[in-house]
Amino acid sequence: MSNILLGQDNSNLWYDVMETPADFFAPASAGRWLANIGFVLFGGVTVPWWNGLWSLLLIGLAVFATCRLFQIRSALLQILVAAVMTACPAVVTSFNYISSAPTYALALLTACLAPCFLYRYKWGFIPAFLCMLLTNAIYTAYISVTVCWVILYALQQLILAKQTCRTIFLQELFAAVLSLLSLAGTLAISQVLVRLVGSTAQQRVANAVAMGLTDYLQRIGQVYGTVLYRIFSNWKSSYMQGLGCLSVRAAVVLGVVCALLLLYKNKSWRNPVTLLLLAVNALMLPLAMDIIGILQVSHSLMDYAYVTPMLASLVLLSAAWEQGALPEVSLVRTALPLLLVAANGVYALHFVKVANIDATFRFAQYESAVQLTNRLIDRLEAEENYQPGQTPVLIAGKFPENYYFTEGEWGLPSDEAFRVLKNIEGANSWMAFTYQELFERFSEQVIGTELNLITDTTVNGGTSFTTDADVLLARAREADGSITAAQLDAALTDCSGFPAGDCCTWVGDVLVLKLDFDAAAPAA
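Quick look at the overall build of the protein
And step 1. When you go through the protein residue by residue, the secondary structure sums to 18 helices and 3 strands.
And step 2. By the burial criterion, 52% of the 524 residues in the protein qualify as buried.
And step 3. Put simply, the protein shows about 22800 Å² of open surface, and 63% of that area lies on carbon and sulfur atoms.

In structure tokens, the structure reads:
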């Protein structure tokens, strides 16, 4: 996954040794006030190999912390834990934003370290709290990993009967209090940053405050439905399909078998309180896997905790093997571990395939964008008196829909690839042609030609491609105040849209490049 095919910087489709934010605190979003920490720690340029190396190293440390927490000693199972924690949708997605990938990996590491410190070290609650605070500050969605690991640890301890039910319950309660305190600390620091450095509070914080009890109950129901649907349904519209979906189902079923064998071996089933806590934790686990979904609809970058069923199966297999809980019947004793190993291996291989589909498609996007940009610049440079980087250029209209990520259009994914990438953030959009500033930078850095696009400095995010006559007139007047609405309208009526040879026309001192006025380009 760390290769040159991911050389195009995050979603913007250019090979870019770009400058990245150097501020320690992220000024754009107070809710994630350490979102820039990866840029500060790992360098101010986007280098795919370098960023990928650090990302994989940090994920490896997260795997180590996870195996330490659950006492997974088998080398084979440790390799499988590494495989499913690396080859999963969230990691594939994070590599689409390669400049930020180490930041997400760091958030994952702190999320995995928190329960490891809490349960494996004396006075570990102090570093555990700091890790939770860092996770919230870097990428809040990954706190679901901490919560899932805590619940899975409680399930492990209940099944193995290593501690009393009271101790396990109090441990979970203490972990919940620490998590809430870390969230409160993050919000408090956010408010300070809002006042000191002009940050803006995240929208999900406002959503949490505005939601009522009915809204929360409805969202919780939706989260349960989403999680169970992804596990037990053939999610044909996205990356969980075929063997990938079957591997998750198999891991869940075989993991439950291991749990039942351990309950029988340790006689844990005889204690009704144990059974009650097992049921409560099992019911809470799906909600914990998508806890951020209570506040907003999550996407693939947020969904790291969806590896929990695969990890749970490996944790339970490890315990069943070490405790001799597997049946004496040789066929069952051999088949159960082999099937679980195969299920996790297939899951990892499935997402290796998804990662390669993603990277290959994005490289094809990049190559297509280069050719299209060349054609557009050719049209501009063919105009008499055009001076690169000096002549004001007004782009009127939008790119036709077939230049965007849509199913069944030329030059874009096959039906299978479209289904795989449809819900992979960063691969399901063509950001080079979403904002004009990105298009301008792409032209300058990749093609080597300066553009002087007339952009709208009054909007946040970037200048959109539009057909709105009033907006276009306002932009044109920024470069030539004498232009009238009638002049612009007449010019746009007389010329054809790209790729026609007469798609460029002069209006005063402004060169207008007309695109498609019938297209409905997707929103950013």
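Let's talk about the pairing of strand S2 (residues 504-507)
And step 1. Where S2 meets strand S3 (residues 510-514), 4 bridges bridge the pair, whose relative direction is antiparallel. Residue pairing across strands places Thr 505 opposite Val 512, the latter belonging to S3.
And step 2. Connecting S2 to the antiparallel partner S3 that follows it, the hairpin turn spans 2 residues, and Gly 508 within it adopts a positive phi of roughly 65°.

Let's talk about the packing of aromatic side chains
Note on aromatic pairs: each is described by the distance of the centres and the angle between the planes.
And step 1. Within the structure shown, the criterion is met by 8 aromatic pairs.
And step 2. Through successive ring pairs, a cluster of aromatic residues spans Tyr 104, Tyr 139, Tyr 142 and Tyr 304.
And step 3. The ring of Trp 321 carries the charged tip of Arg 333 above its face, separated from the ring centre by 5.7 Å.

Here we look at the pattern of salt bridges
A side chain with one charge may pair with a side chain of the opposite charge, provided their charged atoms come close.
And step 1. Scanning all chains against the criterion turns up 1 salt bridge.
And step 2. Glu 322 serves as the salt-bridge partner of Arg 73, at 2.9 Å between the closest nitrogen and oxygen. Remark: Glu 322 occurs in helix H13 (residues 308-322) and Arg 73 occurs in the loop between helix H2 (48-70) and helix H3 (75-86); sequence separation between them is 249 residues.
And step 3. Taking the relative accessible area as the measure of exposure, Glu 322 reaches 44% and is therefore partly exposed.

Considering the pairing of S3
And step 1. Judged by how many residues are buried, S3 sits mostly within the fold: 5 of 5 residues are covered.
And step 2. A two-sided burial pattern is seen for S3, the buried positions comprising Val 510, Val 512 and Lys 514 on one face and Leu 511 and Leu 513 on the other.
And step 3. Relative to S3, strand S1 (residues 393-396) runs parallel, the two sharing 4 bridges. Following the sheet pairing, Ile 395 is matched in S3 by Leu 513.

Re helix H12 (residues 272-289)
And step 1. Along its 18 residues, H12 runs 26 Å from first to last C-alpha, staying within 8% of the 26 Å computed at 1.5 Å per residue.
And step 2. When we look at burial in H12, the residues that qualify are Thr 274, Leu 277, Leu 278, Asn 281, Leu 285, Pro 286, Leu 287, Ala 288 and Met 289.
And step 3. Where H12 starts, the residue carrying a side-chain oxygen 3.0 Å from the main-chain nitrogen of Val 273 turns out to be Asn 271.

Focus: the side chain of Asn 344
And step 1. By the element assignment, Asn 344 lies in helix H14 (residues 330-381).
And step 2. Excluding residues that lie within four positions of it along the chain, Asn 344 makes contacts with Leu 80, Val 84, Met 310, Ser 313 and Leu 314.

Comments concerning the side chain of Thr 146
And step 1. Following the sequence through the fold, Thr 146 ends up in helix H7 (residues 143-160).
And step 2. Residue Thr 146 is classed as buried on the basis of its relative accessible area of 3%.
And step 3. Polar side-chain contacts of Thr 146 include one of 2.8 Å to the backbone oxygen of Ala 111.
And step 4. Ignoring any residue separated from it by four or fewer positions in sequence, one finds Thr 146 in contact with Ala 111, Ala 114, Pro 115 and Met 132.

Regarding the sheet that holds S3
Neighbouring strands of a sheet are bound in pairs by backbone hydrogen bonds; such pairs are parallel or else antiparallel.
And step 1. Across the sheet, which stays open at both edges, the 3 strands sit in the order S1-S3-S2 with mixed pairing between neighbours. Of all strands in the sheet, those bounded by a partner on one side alone are S1 and S2. The average undirected angle you get between the axes of adjacent strands in this sheet is 30°.
And step 2. Lying on the sheet, H14 is in contact with S1, S2 and S3; it crosses S3 at an angle near 140°.
And step 3. Sheet contacts for helix H18 (residues 485-494): S1, S2 and S3; angle to S2, the most-contacted strand, approximately 165°.

Thoughts on the environment of Leu 326
And step 1. For Leu 326, the position within the fold is in the loop between H13 and H14.
And step 2. Note on Leu 326: relative accessible area 3%, which makes it buried.
And step 3. A C-alpha to C-alpha distance of 6.7 Å links Leu 326 and Leu 261, two positions 65 residues apart in sequence.
And step 4. Leu 326 has contacts with Leu 261, Ala 320, Trp 321, Arg 333, Leu 336 and Pro 337, leaving out every residue within four places of it along the chain.

Things to note about the confidence of the model for the protein
And step 1. On average, residues of the protein score 80 in pLDDT, and 81% of them reach the 70 mark or higher.
And step 2. At the level of individual helices and strands, the protein shows its lowest average pLDDT in helix H9 (residues 203-210), which scores 58, and its highest in H3, which scores 95.
And step 3. Low confidence marks residues 1-5, where pLDDT is under 50. Its contacts with residues over four positions away, or in another chain, come to 17 contacts.

Details of a nonpolar patch on the surface
And step 1. A surface patch of nonpolar side chains, about 520 Å² in accessible area, is lined by Trp 123, Phe 125, Ile 126, Leu 130 and Phe 174.
And step 2. Considering each element in turn, the nonpolar patch owes the most residues, 3 residues, to helix H6 (residues 125-139).
And step 3. Mapping Phe 174 onto the fold places it in helix H8 (residues 165-196).
And step 4. Of the residues examined, Phe 174 reaches a relative accessible area of 38% and is grouped as partly exposed.

Details of the packing of helix H5 (residues 101-120) against H6
And step 1. Two elements in contact, H5 and H6, have axes whose closest approach is 8 Å; the angle formed by their N-to-C orientations is 155°. Taken together, the axes of H5 and H6 are roughly antiparallel relative to one another. Remark: the crossing between H5 and H6 carries left-handed chirality. Within the contact between the two elements, H5 uses Thr 103, Tyr 104, Leu 106, Ala 107, Thr 110, Ala 111, Leu 113, Ala 114, Phe 117 and Leu 118 and H6 uses Phe 125, Pro 127, Ala 128, Cys 131, Met 132, Leu 134, Thr 135, Ile 138 and Tyr 139.
And step 2. Classifying every residue of the contact of H5 with H6 by side-chain character gives 16 nonpolar, 3 polar and no charged.

Looking at the environment of Arg 249
And step 1. For Arg 249, the location among the structural elements is in helix H11 (residues 243-266).
And step 2. For Arg 249, a relative accessible area of 26% corresponds to the partly exposed category.
And step 3. Considering only alpha carbons, one finds Arg 249 and Phe 232, 17 residues apart in sequence, at a separation of 6.2 Å.

Definitions and limits used
- Counting restarts for each chain: residues are numbered from 1 in the order of the written sequence.
- Per-residue local features are limited, in this predicted model, to residues with pLDDT of at least 70; the limit for side-chain atom pairs, both in listing and counting, is 80 or more; totals at the level of whole chains, interfaces and linings are taken over all residues.
- Only hydrogens and water are removed before side-chain values are computed, so all heavy atoms of the structure are retained for them.
- For helices the rule is a DSSP run of H or I covering at least 4 residues; for strands it is a run of E covering at least 2, with both sets numbered from the N terminus onward.
- The classification of residues rests on relative accessible area computed with a 1.4 Å probe and restricted to protein chains. Under 20% of the type maximum is buried, over 50% is exposed, and intermediate values are partly exposed.
- All accessibility values rest on the Shrake-Rupley procedure with a 1.4 Å probe; residue burial counts only the protein chains present in the view.
- The pairing criterion is simple: DSSP has to find at least two bridges between the two strands.
- Any two of the Phe, Tyr and Trp rings considered here, Trp counted by its six-membered ring, make a pair once their centres fall within 6.5 Å; the pair's planes then place it as stacked at under 30 degrees, edge-to-face at over 60, or tilted in between.
- Think of it as a cone above the ring: NZ of Lys or CZ of Arg counts as a charge over the ring if it is within 6 Å of the ring centre and within 35 degrees of the ring normal.
- Salt bridge, as used here: a side-chain nitrogen of Lys or Arg that lies within 4 Å of a carboxyl oxygen of Asp or Glu.
- For a helix, the expected span equals 1.5 Å multiplied by the number of residues minus one.
- Nitrogen and oxygen atoms within 3.5 Å of one another constitute a polar contact, given that in protein one can donate a hydrogen and the other can accept it, and given that sequence-neighbouring residues count only through two side-chain atoms.
- When checking whether two residues touch, look at their non-hydrogen atoms; a contact exists if any pair is within 4.5 Å.
- For helices, the axis comes from a line fit to the C-alpha atoms of the stretch in contact; other axes are also lines fit to C-alpha atoms, and the angle between any two N-to-C directions lies between 0 and 180 degrees.
- pLDDT expresses, on a scale from 0 to 100, how confident the predictor is about each individual residue.
- Two distance rules govern patches: like charges are joined within 9 Å, and nonpolar side chains (Val, Leu, Ile, Met, Phe, Trp, Tyr) within 5 Å, applied only to residues with over 30% relative accessible area and no salt bridge.
- For classification purposes, angles smaller than 35 degrees are called roughly parallel, those larger than 145 roughly antiparallel, those between 65 and 115 roughly perpendicular, and all remaining angles oblique.
- Should the near helix be turned anticlockwise from the far one by less than a right angle, the crossing is left-handed, and should it be turned clockwise, the crossing is right-handed.
- Gly is put with the polar residues, along with every residue not named as nonpolar or charged; the nonpolar set is Ala, Val, Leu, Ile, Met, Phe, Trp, Tyr, Cys and Pro, and the charged set is Asp, Glu, Lys and Arg.

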